[in-house]
Amino acid sequence: MQALQPPSQLVLRQQQQFGQQPLLLVNAPDAGVVSELNVAGVWHLHAGYAAQWQAQQPHVAQHFGAQPPSLTDVPAAAAALVWLPKEKALTLFLLDALRALLPVGTDIWLVGENRGGIKSIHKNLPSSVTAAHKVAIGNHSLLLHCQISEPLAQFDLADYLVYTTYQGAAEQAPLTLASLPGVFAFPSIDEGSAMLLQHLPRISHGRVLDFACGHGVLGAVLQQAQPQLEVSYLDVSAMALAACAETLRSNQLKGHLIAADSLMAASKEPSFKHGFNYVVSHPPFHTGTATDYSIGQQFLQQVNQHLCQGGELWVVANRFLPWPELIEQAFGHCERVAQDNKFAVYKAIKSVRRASPSKPKSAPAASRQRKPRQRQWQ
């Protein structure tokens, strides 16, 4: 139980609240809760959680994606237990999806950490669910209960897409960006990514990886300028990948979408086979509401392995983060390309391996000369 996240610990302490209702778990981080709950299925929004569940509980019905599961996927589900996301708009999105999936009167349980917004979520719940009431508090978390009061006849992901326009270089056409609730910097582009785009070189050919791609703005801008680029878009979030897919479709672009929480998890993807000429990223340092440097740290420690010789890493990050040291450890150097009072753009190049010079043949004995003895420092 110690290994579980605090909301999951509270859920297990309050397992009697759920009775024997077959539960649809939404955004559940810990596969260990299965041992104490009647789980009808799991809807994953986080690729890392999905991989953990698939490895530890492969017998449980599971669904990954921004589109909710169908009743065919989870036919036995009689109630839902939602691990509250930090974004209120995403919570409302999930409630709408559940209203389309489950009938009026269905129990909906919400669990989350106190600092993650659950204390105030009752003020933002729509009239389509009953007023939420507190069931239990503990483990720095809160468990709430409500019920579906109004059905939703049909759930359409397109209804939640928000479109904005990004204007990059003057000679390029405006780029249409699609976003969804829960996507980083929803619904537009964050300041850091905008700064990185101002300093990226004009890439004319090769393979590009947009790590932690969000709605895909970095890779899409590069690909719009040079359509022959092979761009892969990697993110942990199902919402981000769905938004990225729509960004590509809206701009008549193509790319490889990868759901993974690390380069290691994605390393078996076909687009990783030959390595990348460029990797661009605004790496995350949060998981939910918690500060979490591990994703960015692992990325910077591993990215050198996935670059071709002479390949380039381009990263933007908050200036206070220790990324330059990690880049130096991986590459032996780190160039600060630009900075302002909040962000910095860093660049590193994978050194080109030089062939070892062939050993000269020994000179004939008669022509050998004694070399002067070199002074040795003690």
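See the structure shown above.
Note on numbering: residues in each chain are counted from 1, in written sequence order. The predicted nature of this model means local features are confined to residues of pLDDT at least 70 and side-chain atom pairs, given and counted, to a pLDDT of 80 or more, with totals for whole chains, interfaces and linings taken over all residues. Each side-chain value is derived from all of the structure's non-hydrogen atoms; neither hydrogens nor water enter the calculation.

To continue, consider the nonpolar core. In this description, a nonpolar core means a group of buried Ala, Val, Leu, Ile, Met, Phe, Trp, Tyr and Cys residues linked to one another through side-chain atoms lying within 4.5 Å. Buried, partly exposed and exposed residues are distinguished by accessible area as a fraction of the type maximum, computed with a 1.4 Å probe on protein chains only: under 20%, between the cut-offs, and over 50%, respectively. The biggest cluster of nonpolar side chains holds 40 residues, and the ones touching the most others in it are F93 and I108. Put simply, DSSP marks the helices as runs of H or I at least four residues long and the strands as runs of E at least two long, and each gets a number from the N terminus on. Where this core is concerned, the elements lending two or more residues are β1 (23-26), β2 (39-44), β4 (79-83), α3 (88-101), β5 (107-113), β7 (141-147) and α6 (238-250). The element best represented in this core is α3, accounting for seven residues. Not counting the four nearest positions on each side in its chain, I108 is found in contact with A80, V82, L95, L98, L144, H145, C146, Q147 and I148. Contacts: residue pairs with any heavy atoms within 4.5 Å of one another.

With that settled, consider the sheet that holds β4. The pairing criterion is simple: DSSP has to find at least two bridges between the two strands. Spatially, seven strands are ordered β3-β2-β1-β4-β5-β7-β6 in an open sheet, and the strand pairing comes out mixed. Here the strands that pair on one side only, and so sit at the sheet edges, are β3 (62-64) and β6 (133-138). Strand-to-strand twist across the sheet, computed as the mean angle between neighbouring axes with direction ignored, equals 20 degrees. Where β6 and β7 come together, five bridges link them in antiparallel fashion. Counted as the bridge partner of G138 is S141 from β7. A fitted line through C-alpha atoms serves as each axis, taken over the contacting stretch for helices, and the angle formed by two N-to-C directions is quoted from 0 to 180°. With respect to the sheet, α3 is in contact with β1, β2, β4 and β5, its orientation differing from that of β1 by roughly 155 degrees.

With that settled, consider empty space enclosed by the protein. The rule is simple: put a 1 Å grid over the protein atoms alone, call a set of points where a 1.4 Å probe fits but cannot get out a cavity, call an open set with protein on both sides within 12 Å along at least five of seven lines a pocket, and count a residue as lining if it has an atom within 4 Å of a point. Grid points are joined across faces, edges and corners, and a volume is the space filled by probe spheres set on the points. Taken as a whole and assessed by the stated rule, the structure comprises one cavity of 30 Å³ or more. Around the largest cavity, the lining residues are F184, A185, D190, S193, D210, A212, C213, G214, H215, V217, L218 and H282. All amino acids are sorted into three groups, where Ala, Val, Leu, Ile, Met, Phe, Trp, Tyr, Cys and Pro are nonpolar, Asp, Glu, Lys and Arg are charged, and the leftover types, Gly among them, are polar. By residue class, the composition of the lining of the largest cavity is six nonpolar, four polar and two charged.

This next bit is on the pairing of strand β11 (residues 230-235). With respect to burial, β11 is a largely interior element, five of its six residues being buried. Relative to β11, strand β10 (residues 207-211) is paired through five bridges, and the arrangement is parallel. Among the inter-strand pairings, D210 is bridged to a residue of β11, identified as Y233. On the question of chirality, the crossover connecting β10 to the parallel β11 by way of helix α5 (residues 217-225) is right-handed. Pairing geometry for β11 and strand β12 (residues 256-259), over four bridges, is parallel. Paired with D235 across the strands is A259, a residue of β12. Whether a crossover is right-handed depends on one test, that the path from the first strand over the helix to the second runs clockwise when the strands point away from the viewer. Handedness of the crossover is the feature at issue here: the chain leaves β11, passes through α6, returns alongside β12, and the resulting connection is right-handed.

This paragraph deals with the state of the cysteines. Note on terminology: disulfide denotes any pair of cysteine sulfur atoms within 2.5 Å. Applying the stated criterion across every chain, the model contains zero disulfides. Among the cysteines around C213, which has no disulfide bond, C244 carries the closest sulfur, lying 4.2 Å off.

On to the pattern of salt bridges, then. Between side chains of opposite charge, a pair can form when the charged atoms approach closely. A pairing counts as a salt bridge when a side-chain nitrogen of Lys or Arg comes within 4 Å of a carboxyl oxygen of Asp or Glu. Under the counting rule described, the total for this entry stands at three salt bridges. Ionic pairing is found between R115 and E113, a salt bridge with its closest N-O pair at 3.7 Å. R249 is the salt-bridge partner of E246, the closest N and O atoms lying 2.7 Å from each other. Taken together, the residues E246 and R249, both in helix α6 and three residues apart, mark about one turn of the helix.

Let us look at the layout of surface pockets. Estimated volume of the second largest pocket: approximately 220 Å³. Lining the second largest pocket are 15 residues, and of these Q172, L197, L200, P201 and V221 lie nearest its centre. Of all the elements in the fold, those that place two or more residues in the lining of the second largest pocket are α4 (191-199) and α5. The element that contributes the greatest number of residues to the lining of the second largest pocket is α5, accounting for three residues. When the residues that make up the lining of the second largest pocket are grouped by side-chain class, the tally is nine nonpolar, four polar and two charged.

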